[in-house]
Amino acid sequence: MKCYKAFQFKMQPNKEQQALIAKTFGCARFVYNKMLADKIAYYTVES
């Protein structure tokens, strides 16, 4: 029998860490949206 365990931690970043997290997620969102747009454009041209 498998027993799964999970742990939860509350993040409490300081102001500098909050800014870094915001920048990181902003960059990741930009790259994801850019690649998604490229993929949509590729399949639109191919069809």
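Values in this document were obtained by computation on a predicted structure and should not be read as measured data. (Residues numbered from 1 in each chain as written. Predicted model: local features only at pLDDT ≥ 70, side-chain atom pairs only at ≥ 80, totals over all residues. Heavy atoms only, no water.)

**Student:** Help me get a handle on the overall build of the protein chain, residues and values and all.
**Tutor:** The helix and strand tally for the protein chain stands at one helix and zero strands. Taken along its principal axes, the extent of the C-alpha atoms in the protein chain is 45 × 45 × 5 Å. Within the protein chain, buried positions represent 0% of all 47 residues. Approximately 5,300 Å² of the protein chain is accessible, and the part contributed by carbon and sulfur atoms is 63%. (Helix = DSSP H or I, 4+ residues; strand = E, 2+ residues; numbered from the N terminus. Buried < 20%, exposed > 50% of the residue type's maximum accessible area, 1.4 Å probe, protein only. Areas by Shrake-Rupley, 256 points an atom, 1.4 Å probe, with all protein chains shown as cover.)

**Student:** Account for the environment of Arg29, with residues named and values stated.
**Tutor:** Secondary-structure assignment places Arg29 in helix 1 (residues 15-46). Taking relative accessible area as the criterion, Arg29 reaches 54% and is therefore assigned exposed. For the pair formed by Arg29 and Lys10, sequence separation is 19 residues and the distance between their alpha carbons is 23 Å.

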